[in-house]
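Architecture and fold: a report
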Amino acid sequence: MEFDFAAEQPKFLMLMYGLIAFVAVVGGLLLLLDVVPTWFARRREERLVAAVASGAPLPRRRKPREGAIAIFFLLPTLLFLAVGLVVPAIRTTLLSFMDKDSSNWVGLANYAWMFSEDSIVRVLINSLIWVLLVPLVATAFGLIYAVLVDKARFESVAKSLIFLPMAISFVGAAIIWKFVYAYRGDGDQIGLLNQIVVSLGGEPKQWLLESPLNTLLLIVIMIWIQAGFAMVVLSAAIKAIPADIVEAARLDGVSPWQMFWQITMPSIRPAVIVVVVTLSIATLKVFDIVRTATNGNYDTSVIANEMYNQAFRYGEPGQGSALAVFLFVLVIPIVIYQIRNLRQQREG
Amino acid sequence: MAFARSRQALAIAGVLGLALGVTACGTGNDKKSGNASKPECAPYAKYQGHDGKKVTIYSSIRDIEADRLDQSWKQFEDCTGIDIDHEGSGEFEAQLGVRVDGGNAPDLAFIPQPGLLKRFVDSGKIKEVGADTKAMAEQNFTPDWLKYSTVNGKLYGVPLGSNVKSYVWYSPKTFKEKGWTVPTTWDELISLSDKIAASGTKPWCAGIESGDATGWPATDWIEDVLLRTQGVEVYDQWTTHGIPFNDPKVADAVDKAGTILKNEKYMNGGFGGVKSIATTSFQEAGTPITTGKCAMHRQASFYANQWPQGTKVAEDGDVFAFYFPAVDPAKGKPVLGAGEFVSAFADRPEVQAVQTYLASGEYVNSRAKIGDWLSANKKLDINNVPNPVDKLSVQILQDPKTEFRFDGSDLMPAAVGAGTFWKGMVDWINGKDTTTVLNGIESSWK
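Below you will find a few notes about this structure. (Residues numbered from 1 in each chain as written. Chains lettered and ligands numbered in written order. Predicted model: local features only at pLDDT ≥ 70, side-chain atom pairs only at ≥ 80, totals over all residues. Heavy atoms only, no water.)

1. Things to note about the overall build of chain B
Tallying secondary structure elements over chain B gives 19 helices and twelve strands in all. Over its C-alpha atoms chain B spans a radius of gyration of 25 Å, differing by no more than 12% from the 22 Å that the globule rule assigns to 446 residues. Taken over the C-alpha atoms alone, chain B extends approximately 80 × 65 × 50 Å along its principal axes. Within chain B, the fraction of its 446 residues that count as buried is 55%. Partitioning the intrachain contacts of chain B with sequence separation of at least 6 by distance along the chain shows that 74% fall at a separation of at least 24. When the accessible surface of chain B is split by element, carbon and sulfur atoms take 51% of a total near 18,200 Å². Each charge class in chain B was averaged separately, 47 positive and 55 negative side chains, and the resulting centres sit 2 Å apart. (Helix = DSSP H or I, 4+ residues; strand = E, 2+ residues; numbered from the N terminus. Rg over C-alpha atoms; globule rule 2.2 N^0.38 Å. Buried < 20%, exposed > 50% of the residue type's maximum accessible area, 1.4 Å probe, protein only. Contact = heavy atoms within 4.5 Å. Areas by Shrake-Rupley, 256 points an atom, 1.4 Å probe, with all protein chains shown as cover. Lys, Arg positive; Asp, Glu negative; His and termini not counted. Charge placed at Lys NZ, Arg CZ, Asp CG, Glu CD.)

2. What about the interface of chain A and chain B?
Counting from both sides, the interface comprises 36 residues of chain A and, opposite them, 41 residues of chain B. Seen at the junction of chain A and chain B, the total is two salt bridges. Notably, a salt bridge pairs Arg291(A) with Glu91(B), separated by 2.8 Å at the nearest N-O pair. Run the count over chain A and chain B and you get seven residue pairs in polar contact (both at pLDDT 80 or more). No other element matches the 13 residues that helix H1 (residues 9-54) of chain A contributes to the side of chain A that touches chain B. The class makeup of the residues in the side of chain A that touches chain B is 16 nonpolar, nine polar and eleven charged. (Salt bridge = Lys/Arg side-chain N within 4 Å of Asp/Glu carboxyl O. Polar contact = N/O pair within 3.5 Å; in protein donor to acceptor, adjacent residues only side chain to side chain. Nonpolar A, V, L, I, M, F, W, Y, C, P; charged D, E, K, R; others polar.)

3. Quick notes on the sheet that holds strand S10 (residues 320-323) of chain B
All names here are of chain B. Taken in spatial order, the four strands line up as S8-S9-S7-S10 in an open sheet, and their pairing is mixed. Both edges of this open sheet fall to strand S8 (202-204) and S10, since each of them pairs with a single strand only. Mean inter-strand twist for the sheet, computed between neighbouring axes without regard to direction, equals 25°. Sheet strands touched by helix H16 (residues 388-398): strand S7 (167-170) and S10. Its angle to S7, the strand with the most contacts, is close to 160°. (Pairing = 2+ DSSP bridges. Axes fitted to C-alpha atoms, helices over the stretch in contact; angles between N-to-C directions.)

4. Here's the deal with the pattern of salt bridges
Residues and elements named next belong to chain B. Summed over the entire model, instances satisfying the criterion amount to 26 salt bridges over all chains. Measuring nitrogen to oxygen at the nearest pair gives 3.9 Å for the salt bridge that ties Asp 144 to Lys 147. Linking Asp 144 with Lys 147, this pair stays in helix H7 (residues 143-147), spanning three residues, or about one helical turn. A salt bridge links Asp 224 to Arg 228; the shortest N-O distance between them is 2.7 Å. Note that Asp 224 and Arg 228 are positioned in helix H10 (residues 216-239) at a spacing of four residues, about one turn of the helix. A single burial state applies to Asp 224 and to Arg 228, both of which are buried.

5. Thoughts on the packing of H10(B) against helix H11 (residues 248-261) of chain B
Packed helix pairs are specified by the crossing angle of their axes together with the interaxial distance, meaning the distance between the axes. All names here are of chain B. At a minimum axis separation of 7 Å, H10 and H11 run at an interaxial angle of 165°. As far as their axial angle goes, H11 and H10 are roughly antiparallel. Of the two elements, H10 crosses H11, and the hand of that crossing is right-handed. Each of Trp 221, Ile 222, Val 225, Leu 226, Thr 229, Gln 230, Val 234 and Trp 238 in H10 lies in contact with H11, whose residues at this interface are Lys 249, Val 250, Ala 253, Val 254, Lys 256, Ala 257, Ile 260 and Leu 261. Counted by class, the contact of H10 with H11 contains twelve nonpolar, two polar and two charged residues. (Parallel < 35°, antiparallel > 145°, perpendicular 65-115°, else oblique. Left-handed = near helix turned anticlockwise from the far one by under 90°.)

6. Details of the environment of Trp216(B)
All names here are of chain B. Take Trp 216: it is sitting in helix H10. In sequence terms Trp 216 and Asp 67 are 149 residues apart; their C-alpha atoms lie 26 Å from each other. Apart from the residues within four sequence positions on either side, Trp 216 is in contact with Lys 165, Ser 210, Phe 282, Gln 299, Phe 302 and Trp 422.

7. Points about the packing of aromatic side chains
All names here are of chain B. Applying the stated criterion across every chain yields a total of 44 aromatic pairs over all chains. Seen from their ring centres, Trp 145 and Phe 404 are 4.9 Å apart, and the 25° between their planes marks the pair as stacked. In this pair, Trp 145 sits in helix H7 while Phe 404 sits in strand S12 (residues 403-406), placing the two residues 259 residues apart along the sequence. Between Phe 175 and Trp 180, the aromatic rings sit 5.5 Å apart at their centres with planes inclined by 85°, giving edge-to-face as the arrangement. Trp 180 carries the same exposure label as Phe 175, and that label is buried. Three or more aromatic residues joined by ring pairs form one cluster here, namely Tyr 44, Tyr 47, Trp 73, Phe 76, Phe 110, Tyr 357, Tyr 363 and Trp 373. Sitting over the face of the ring of Phe 120, Arg 119 holds its NZ or CZ atom 5.8 Å from the ring centroid. (Phe/Tyr/Trp six-rings, centres within 6.5 Å; stacked < 30°, edge-to-face > 60°. Lys NZ or Arg CZ within 6 Å of the ring centre and 35° of its normal.)

Shown next as structure tokens:
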């Protein structure tokens, strides 16, 4: 197919507009953030200079102005939060108690449906498997990796290798792994996994068709992406352990095993919790991977994917909203735990 | 230092703002004006009087096909001064609802599912067509076609494009070489399949992977077989839930489709066993025909677009299609097909003018000439249809003896037709038994 730049011109023009608009908006915001505080600072400076010149007592730093600045920056955020989060959350909750036309109240019918329909129960179980496995395995993997490469010779190279997948979108990662799991009946396998199986003398398999193996294979994708994040945070925490503690432990003659459990782990515990909590929330929301790799077929669906299907594809906004609310309820305790944890740390 | 930096930022922002302003001026307000006086504009005389108005259209049509659409109504735009703004989306079915509910409805939408159309009619979003449009539609389409966009006796859309699904693609070259003949009955089809299987080639190819629509090609199989085993009356009862989804007659049809689709000896040329159907994309499913790895692929007329470049689609070419044979030809010639309907979410005069125009003979002929498209519109001149398979389809659609039925899954509520039916078919191919699958689908139809 030939590519004719002239014929595609409208699309390129559109692309250019998009880029320009993006730069203008982001640039404008950055400018605002730069100019406004500078302007206030300059006013204060001028006043100080004037005060010094006239020999009058220095004006006290006035609190109300600070408050005004705070509100100036907070207002848009609060407004966006209300429009983009609070109102939709309330509306979704209301919709979850209504029928498919969003006109009649049906009480808890949508929630009853959620726990009685076999396929949806399967979805809930899958989500549970995800949220149990991903944070634990990804954190464990990141932690082991961080400990192993700590102060190793090619530490930065080794770390970048595992961190690289972080730069890939979930959709991109799912497509990459779909090729890894790809299957061809006869002839050359185009999938890496099947090629390995074949070269070891095995029979190629259709990996993504077999439940519950397929859910585990999808979880591998998420771990592949997120282990890098866990590694980076934990590695930083390990580096932040005071050297004198480590030295003292060494002088006492600890084994590496004891070192890890007695010194490293207690020291980086807050960081581990942050990583696990962050990954848990990200995992509960997982949507892109499942949608791209299997679209929830072959018993691999998860809550977020099913929510989208019900609400937008099948025209069942009530059932979709019920799933959304359920997801929200699941996330709340994790968020509360996280906030309490942060507060304790700050106090401690 | 800080001051210098902010100056710099100011300068950048200024330049950007200027650039934005200039480019905005470049494209803004180039109002199209009607050229009613030109001789080639005579057919558009009745759509005059909306100079400078804009009509937005939303559809699932993208890329080359979308460019062809833009081309097809270019002259209409030039002559009437109406600016048609078409936007295609791969997420059309889901996003249309979001846009309509969000108060951002397009003026017109090309809706391929009567079930979805009915949903918007029920919620009062789609406008009834105007008198001119209705007259045009009744003149150009059979009552059968208008039935799909009629709710409670009122017409809510006009048919646009159509396709015929009851086709089996094959390679005339290979058939000639091997001495195979095109079957005309179901029994001949099966004995030919056995013969091909015995010769060491897998007779059939199939693939139902289609992104988030995975499963739909298998629903077409079931619908086509049900039309052949039970006839149009039972089919109509089934699509309107007059009989349960898991009726024994339907189960029979599914099992009959299974004698081909779930037969390891027949399936799945070049891709693997029966289960590979689930993971083979519908676009590439038929391509092994060109390399001789399989012989037949049941798929709609629009599959003509999927062949690798350079494949000659013709009766004596690399690939062609034959009519999916009836079980008992004496009982008639059922044909499964589909199409999209133009529905309006606004009733401004210029929107109605475009809607009327899209139902007219001028439009369908202007679109057909551009290629790879056909319509059930009676005014469509078969000489304007370049593609031989499309020609065959037009003949079938315009044949008064044809018993045409619309794609059943598109008629059902979306939760079934685009949900559990698709999913159920994936499970069925993946090894679940017919009864369990059909019971599951039935229980989701509320």
